[in-house]
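# Remarks on the overall topology
The residues making up each chain are set out below.
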Amino acid sequence: MSLHRPVLEQTMKDKYEKLDIGNKVIAEYIWLGGLAAETECGYPECLDPTDIRSKTRILDSKPGSIDDLPMWNFDGSSTMQAPGDDSEVFLKPVAMYKDPFRGGDNLLVMCECYTPQGEAIPSNTRAHAVEVMDKVADQKPWFGIEQEYTLLDLDGYPLGWPKSGFPGSQGPYYCGNGADRIFGRELCDAHLKACLYAGLKVSGTNAEVMMSQWEYQVGPCVGIESGDQMWVSRYIMQRLSEDYGFRVSFDVKPIPGEWNGAGCHTNFSTEPMRNEGGYEIIKECMAKLEAKHDEHVRVYGIGNDKRLTGACETAPITEFSWGVANRGCSVRIPRSTEADGKGYFEDRRPGSNIDPYVVTSILVETCCLD
């Protein structure tokens, strides 16, 4: 069934967006829903990276810092995060950004979820990540995450694809240009500018190998700000999809067969790795990552076995490998890192649907705390 979502004309939107609200500030409180960080299996799983919830609070004045923002609550029984007979979940503001949708002094506020007793609820994966990052704060861990995604029509078919078949073979789409090759650039560019306006450290974008697949990069970010900014960037993407009438998919393998999957390659380094002699530390990390390979791939994305097959620029999910400039390995060492004797590495195993709090924290735990 073909779906249609009417998109409001900008002149109609401007009629209300330009209204003066005086000194009031609109704060959009954002949190991860129950499917974004589910833990019933005994370890965190991100069942739906688009399960990002938000609600609007009016402030009497612009807050000077995150500490000035009040805690709030929501009905956790409606987000699969609390039972109906004890449904209040509390929102603790942890990071704030400029709101690219409302402009002015208005804010996007990233929040953690707690019980009324002050305990992190099971889906609050950020709380553990903060503990991990605090332990290695002196090592200044840097992350750069490459978020791939696929743009779909509301009927679930990739933009630009023929409805009864397939486009031409992969090859001309990666970093390509032209009306017969590129679809969705308008949303990609809008997302880039909205993220930069918000204050996110987005460092680039590009069209990807499969038609209608795109990527943006967030980082380098230090410690916990990587997960915060990744989740807020996804929230911004979801909001933009409302305006453009597209669906955004973070499925690791949206189209079966010889079509590239979507990843969330995670670049990682610490200050010792970035200093002289750092390459030797990186090689030591390779041995640690190999020993913990199964633990990592378990939290590197639902359905990732469909993507990590050994084809389409991936290594098999059952094996760990690393190499210099080799995109067919589990972990790629950049040529510049080998040449300089210091730098960073790229973990190519994470899928596009990861929880970045979980992936960044397990990398630190394995490489720096084991």
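Here the residue index of a chain counts from 1 through its sequence in written order. Given that the model is predicted, a residue must reach a pLDDT of at least 70 before its local features are reported, and side-chain atom pairs must reach 80 or more before they are shown or counted; all residues, however, enter totals for whole chains, interfaces and linings. Water and hydrogen atoms were dropped before computing side-chain values, which therefore reflect all heavy atoms in the structure.

### Concerning the overall build of the protein chain
Labels follow the DSSP assignment, with helices taken as runs of H or I lasting at least four residues and strands as runs of E lasting at least two, numbered in each case from the N terminus. When helices and strands are tallied, the protein chain shows nine helices and 13 strands. Each radius of gyration reported is based on C-alpha atoms, and the globular scaling rule is 2.2 Å times the count of residues to the power 0.38. In terms of C-alpha radius of gyration, the protein chain reaches 21 Å, essentially the compact-globule figure of 21 Å for 370 residues. Principal axes of the C-alpha set define a box for the protein chain whose edges measure 55 × 50 × 40 Å. Put simply, of all contacts in the protein chain between residues at least 6 apart along the chain, 69% involve residues at least 24 apart. Accessible areas in this description were obtained via Shrake-Rupley with a 1.4 Å probe; residue shielding takes into account the shown protein chains only. Summing over all exposed atoms, the protein chain offers an accessible surface of approximately 16600 Å²; the carbon and sulfur share of this is 49%. This count recognises Lys and Arg as positive and Asp and Glu as negative, with His and chain-terminal groups excluded. Each charge is placed at NZ for Lys, CZ for Arg, CG for Asp and CD for Glu. Charge separation in the protein chain, taken as the distance between the mean sites of 37 positive and 56 negative side-chain charges, equals 4 Å. Only heavy atoms enter the contact rule, under which two residues are in contact if any of them lie within 4.5 Å.

### Quick look at the nonpolar core
We call a set of buried Ala, Val, Leu, Ile, Met, Phe, Trp, Tyr and Cys residues a nonpolar core when their side-chain atoms join them within 4.5 Å. Buried, partly exposed and exposed residues are distinguished by accessible area as a fraction of the type maximum, computed with a 1.4 Å probe on protein chains only: under 20%, between the cut-offs, and over 50%, respectively. Core analysis: the biggest nonpolar cluster contains 68 residues, and M110, Y149, I236, F268, M286 and F345 have the highest contact counts within it. Considering each element in turn, this core owes the most residues, eight residues, to helix α9 (residues 356–369). If we ignore the near neighbours within four places in the chain, the residues touching F268 are P141, W142, F143, M273, Y344, F345, L363, V364, C367 and C368. Core analysis: the second largest hydrophobic core is formed by 16 residues, V25, Y29, L59 and L91 among them.

### A short note on the sheet that holds strand β1 (residues 25–32)
With respect to topology, five strands assemble into an open sheet ordered β2-β1-β5-β4-β3, the strand pairing being mixed. Either end of the sheet is taken by a strand with one partner, and the two such strands are β2 (52–59) and β3 (72–75). Taking each pair of neighbouring strands and ignoring which way they run, the sheet shows an average axis angle of 40°. With four bridges connecting them, β1 and strand β5 (residues 107–114) associate as parallel partners. Following the sheet pairing, A27 is matched in β5 by L107. Strands are treated as partners if at least two bridges between them are detected by DSSP. With axes taken as lines fitted to C-alpha atoms, and helix axes fitted only over the stretch in contact, angles between N-to-C directions fall between 0 and 180 degrees.

### So, the state of the cysteines
In plain terms, two cysteine sulfur atoms within 2.5 Å form what is called a disulfide here. Summed over all chains, the structure comprises zero disulfides. The thiol of C195 is not disulfide-bonded; the next cysteine sulfur, from C188, is found 10.0 Å away. Residue classification places C195 among the buried positions, given a relative accessible area of 0%. In this structure C368 is not part of a disulfide, and its nearest cysteine sulfur, from C367, lies 5.9 Å away.

### Description of the environment of Q147
As for its placement among the helices and strands, Q147 is situated in strand β6 (residues 142–152). In this structure the C-alpha to C-alpha distance between Q147 and Q217, which are 70 residues apart in sequence, comes to 6.1 Å. Polar contacts, as used here, are pairs of N or O atoms within 3.5 Å; protein pairs need one atom able to donate a hydrogen and one able to accept it. Residues neighboring in sequence count only if both atoms are side-chain atoms. Separated by 2.9 Å, the side chains of Q147 and R234 make a polar contact.

### Quick notes on the packing of aromatic side chains
When we look at a pair of aromatic rings, we describe it by the centre distance and by the angle of the planes. In this scheme Phe, Tyr and Trp rings, the latter by its six-membered ring, pair at centre separations within 6.5 Å, and the angle between planes marks the pair as stacked below 30 degrees, edge-to-face above 60, and tilted otherwise. Using the criterion set out here, one finds 10 aromatic pairs in the structure. When the ring of Y29 is compared with that of W72, the centres are 5.2 Å apart and the planes differ by 80°; the resulting orientation is edge-to-face. Note that Y29 is positioned in strand β1 and W72 in strand β3, a separation of 43 residues in sequence. For Y29, a relative accessible area of 0% translates into the label buried. Between W161 and F166, the ring centres sit 6.1 Å apart and the planes meet at 65°, which makes this aromatic pair edge-to-face. By relative accessible area, F166 is classed as exposed at 55%. Joined through ring pairs, the aromatic side chains of Y157, W161, F166 and W259 make up one cluster. When the ring centre of F101 is taken as origin, the NZ or CZ atom of R239, which lies over that ring, is 4.1 Å away. Sitting over a ring, as applied to charges here, requires NZ of Lys or CZ of Arg to be within 6 Å of the ring centre and within 35 degrees of the ring normal. It is R274 that lies over the ring of W142; its NZ or CZ is 3.6 Å from the centre.

### A word on the packing of helix α3 (residues 185–198) against helix α4 (residues 225–244)
Axes are the key here: two packed helices are described by the angle between their axes and the distance separating the axes. Look at α3 against α4: their axes get within 10 Å of each other, and the N-to-C directions meet at 135°. Judged by the inter-axis angle, α3 sits oblique to α4. Taken as a pair, α3 and α4 cross one another with a handedness that is right-handed. Contact residues: α3 offers E186, L187, A190, H191, A194, C195 and A198, while α4 offers S233, I236, M237, L240, S241 and Y244. Residue type decides the class: Asp, Glu, Lys and Arg count as charged, Ala, Val, Leu, Ile, Met, Phe, Trp, Tyr, Cys and Pro as nonpolar, and the leftover types, Gly among them, as polar. For the contact of α3 with α4, a count of residues per class yields nine nonpolar, three polar and one charged. Here the angle decides the label: under 35 degrees means roughly parallel, over 145 means roughly antiparallel, 65 to 115 means roughly perpendicular, and every other value means oblique. Definitions for this section: a left-handed crossing has its near helix turned counterclockwise from the far helix by less than a right angle. A right-handed crossing has that turn clockwise.

### Overview of α3
The end-to-end C-alpha separation of α3 is 20 Å, in line with the 20 Å expected for 14 residues at 1.5 Å each. By the burial criterion, the buried members of α3 are L187, C188, A190, H191, A194, C195 and A198. End-on view of α3: buried residues confined to an arc of 165°, all on one side of the axis. Elements in contact with the buried residues of α3: β4 (88–98), β6, β7 (202–207), β8 (213–222) and α4. Looking at the residues trailing α3, positive phi occurs at G199, about 100°. In this scheme, a helix's expected span is set at 1.5 Å multiplied by one less than its residue total. Note that the arc is computed from the directions linking the helix axis to the C-beta atoms.

### Some thoughts on α4
With 20 residues, α4 ought to run about 28 Å at 1.5 Å a step, and its terminal C-alpha atoms sit 28 Å apart, in line with that. Of the residues one or two after α4, G245 is the one with positive phi, at around 75°.

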